[in-house]
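Single-letter residue listing:
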Amino acid sequence: MKVVRHYPLLTLNTLAIESTAEYFAQPKCEADVQACVQFAKSNNLPIKVLGGGSNVVMSDHVSGLVLQFTGKSCRVTHETEASVTISVEAGYNWHDLVMYCLSRGWFGLENLAYIPGHVGAAPVQNIGAYGVEVKERISAVSGVYLDSAQAFTLAAHECDFAYRESRFKQALDGKVLITSVAFTLSKVAKVQVSYAPLNKMAEQQGVPTPSELARWVIEVRQSKLPDPNQLPNAGSFFKNPVVSQAVFERLSARFPDMPGYPQTSGVKLAAGWLIDRLGFKGRAFGPVAVHELQALVLVNRGGKGSDVLAAARQVSQAVLECYGVELEQEPRLFD
Ligand code: EPU
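Residues numbered from 1 in each chain as written. Predicted model: local features only at pLDDT ≥ 70, side-chain atom pairs only at ≥ 80, totals over all residues. Heavy atoms only, no water.

Enquirer: Sorry, what's going on with the pairing of strand β12 (residues 176–186) here?
Expert: Each regular strand displays side chains that alternate between the two surfaces of the sheet. Counting buried positions along β12 gives 10 out of 11 residues, so the element sits mostly inside the fold. As judged from the 7 bridges shared by strand β7 (residues 83–89) and β12, these two strands associate in the antiparallel manner. Each residue of the ladder has a partner; that of Thr85, found in β12, is Thr184. Two strands pair when backbone bridges link them, and strand β10 (residues 138–145) and β12 are joined in this way by 7 bridges, in the antiparallel orientation. Across the sheet, Gly143 pairs through a bridge with Ile178, a residue of β12. (Buried < 20%, exposed > 50% of the residue type's maximum accessible area, 1.4 Å probe, protein only. Helix = DSSP H or I, 4+ residues; strand = E, 2+ residues; numbered from the N terminus. Pairing = 2+ DSSP bridges.)

Enquirer: Which parts of the structure should I look at to understand the pattern of salt bridges?
Expert: Opposite charge on two side chains lets them pair, provided their charged atoms get close. Counting across every chain of the model gives 9 salt bridges. The partner of Glu165 in a salt bridge is Lys239, and the shortest N-O contact between them spans 2.9 Å. Taken as a pair, Glu165 in the loop between β11 (151–155) and β12 and Lys239 in the loop between β13 (233–236) and β14 (242–243) lie far apart in primary sequence, 74 residues in all. Of the residues examined, Lys239 reaches a relative accessible area of 7% and is grouped as buried. For the salt bridge of Lys239 with Glu328, the shortest nitrogen-to-oxygen distance reads 3.4 Å. (Salt bridge = Lys/Arg side-chain N within 4 Å of Asp/Glu carboxyl O.)

Enquirer: Teacher, can you tell me more about unusual backbone geometry here?
Expert: Excluding glycine, residues mostly carry a negative phi; peptide bonds, for their part, are mostly trans. In this structure, His6 takes a positive phi of about 50° despite not being glycine. Relative to the elements of secondary structure, His6 occurs in strand β1 (residues 4–8).

Taken by themselves, the reported measurements are silent on function.
In structure tokens form, the structure reads like this:
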């Protein structure tokens, strides 16, 4: 493993922002990570952890040592007739893992097909789509503390998972590198089609097998979400905001067709709907635009990180002015 100086990050982020890392390395095992921690300590460098680059906004220059873990093994650690637990290294491509599990008859990840990024990032923001959050399948997360170089394993219940949230975005933010994730999957095919568009498809075409469900999810995603290889983007740019019941009722009176999803803590609104209703689909702010089909996605046509952030500010300001609701940005700043 080499530590490289002034490394270009353009192809390592799906917003395709031109950026340079002061130092860059690709550790592939725990010992490599520990060597990187020592290098950073000796040179007084902060460490920044990069996964698949699908949820970050890069600044022009990223200071310190950028680490991208590239170990990709997947091994079975426990198996019964009904279930299997696998330990997957953080550098495994997420969608490849979903398809591999299906090919082995290990079920439970199919609703999360076609999400860009690496396995190591999945627990950080508790990726979720089409009625499933990855926290429902994770049994443990392992990694290395970046201050002490000590290895750790946290059981799922210690990870503080919530909607697009985890301990890795809160108390452990910037303090760990995740090396592997353990998933417990079912060997019994049962599908989750509660998400409205999938439910409709199941009514029309019958209950799908897990592989068919993965195909449906891929189709729905392809029909709504831009392919980052063709139109650079970071998926949903904002979280769906959760507001109190009282705020929801006030807004519903003004906007009777506004979607709302009851939660234990209030009502979750659809940020895409709030932005869409302002007429922002397709609206450009310099090189950055709101996607034409899914208003929650910003697409980047050659802009810098600062252009992306400026466009996001315009969108969230307009939402605040119209609805009085604050949008929280989902991609993380990488600077
Ligand atoms: N909507 C609009 N206009 C839009 C987008 C959405 O009116 O431009 C409305 C839809 O009609 C629907 C509601 O908003 O009534 C919700 O839309 P959708 O089902 O498309 O989901 P979302 O809330 O916009 C979330 C995730 C997506 C995930 C989908 C499907 C967040 C921040 N985003 O989007 O995640 O794929 O649900 O489960 O929770 C991602 O993280 O990159 C991502 C794409």
